[in-house]
Amino acid sequence: RFIQRMPEIKEDKKYSLILDLDETIIYSQRKFNYKVRKTENRINKKKIILRPGLYEFLHEMKSLFELIVFSSGTPDYVDPIIKIIEKNEKYFDHILYRHHITLDENGNNIKNLDLIGRDISKVIIIDDIPRYFSLHKQNGINIKPFCGNILSDTKTLKALSTILKQIRIDADESNDIRISLQKYKHLLYPTVINSIEE
């Protein structure tokens, strides 16, 4: 159960884009050579690999959406990663963590969008695990998991950005981003999603 809702959405932001962290926009690699020179992308004995094109994606999306990270990790894990991502520019309006995750009627962990204090008709959630948005399938994009291979994943976020821009423009006419998402979701296949039947 949420302890408190997020602050009201800012006046200049009409729609919210919720991003999962692990295997959606980053990959946390636990096995690597610790003797190699330290880099800024290593935290708590983990190497953090950013999905290719992440900075360009976030920069473009932050002008169109309120950006929210919703991770199943704890603040101790999530916050240092956010610090890496935002080393030169602030992108995220809010961060939600493991303690914000709730259970559905079957006892499964879910990210219940009804509890975040936003108009559900103006929210998109992007996650590599569809179970997390099972209560709001019309709001969700089940992105292909990013497992750290930067050479084979160079187009995902670029393609996603292109379609999200179309969805955002269309939503101003429909006034319901879920309608716009369903209208354009087929264009996400096969670069961003594995199947249009989600």
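Just above sits the structure.
Because the structure is a prediction, the values reported are computed rather than measured.

Student: How would you sum up the nonpolar core? Please name residues and give values.
Tutor: Within the largest apolar cluster, 40 residues are counted, with the highest numbers of intra-cluster contacts made by Leu17, Leu21, Ile85, Phe92, Ile141, Leu160 and Leu164. Mapped by element, the contributors of at least two residues to this core are strand 1 (16-19), strand 4 (46-50), helix 1 (54-61), strand 5 (66-70), helix 2 (75-85), strand 9 (123-127), helix 3 (156-174) and helix 4 (177-184). In this structure, Met6, Ile116, Val123 and Tyr132 belong to the second largest nonpolar core, which totals 13 residues.

Student: Report on the layout of surface pockets, specifying residues and quantitative values.
Tutor: Roughly 180 Å³ of internal volume is contained in the largest pocket. What lines the largest pocket is a set of 13 residues, among which Asp22, Ser71, Ser72, Gly73 and Tyr77 lie closest to the centre. Among the residues making up the lining of the largest pocket, the classes are represented as three nonpolar, four polar and six charged.

Student: Describe the packing of aromatic side chains, and please don't skip the residues or the numbers.
Tutor: One pass over the full model with this rule turns up two aromatic pairs. Between Tyr91 and Phe92, the aromatic rings sit 6.4 Å apart at their centres with planes inclined by 65°, giving edge-to-face as the arrangement. Of the two residues, Tyr91 and Phe92, neither departs from the other in class, the shared state being buried. Every member of this aromatic cluster is reached through a ring pair, and the members are Tyr55, Tyr91 and Phe92. Taking the ring centre of Tyr132 as reference, the NZ or CZ of Lys111 above it sits at 4.6 Å.

The rules behind each value
Residues numbered from 1 in each chain as written. Predicted model: local features only at pLDDT ≥ 70, side-chain atom pairs only at ≥ 80, totals over all residues. Heavy atoms only, no water. Core = buried A, V, L, I, M, F, W, Y, C linked by side-chain atoms within 4.5 Å. Buried < 20%, exposed > 50% of the residue type's maximum accessible area, 1.4 Å probe, protein only. Helix = DSSP H or I, 4+ residues; strand = E, 2+ residues; numbered from the N terminus. 1 Å grid on protein atoms, 1.4 Å probe; cavity = no way out; pocket = protein on both sides within 12 Å on 5 of 7 lines; lining within 4 Å. Points joined across faces, edges and corners; volume = space filled by probe spheres on them. Nonpolar A, V, L, I, M, F, W, Y, C, P; charged D, E, K, R; others polar. Phe/Tyr/Trp six-rings, centres within 6.5 Å; stacked < 30°, edge-to-face > 60°. Lys NZ or Arg CZ within 6 Å of the ring centre and 35° of its normal.

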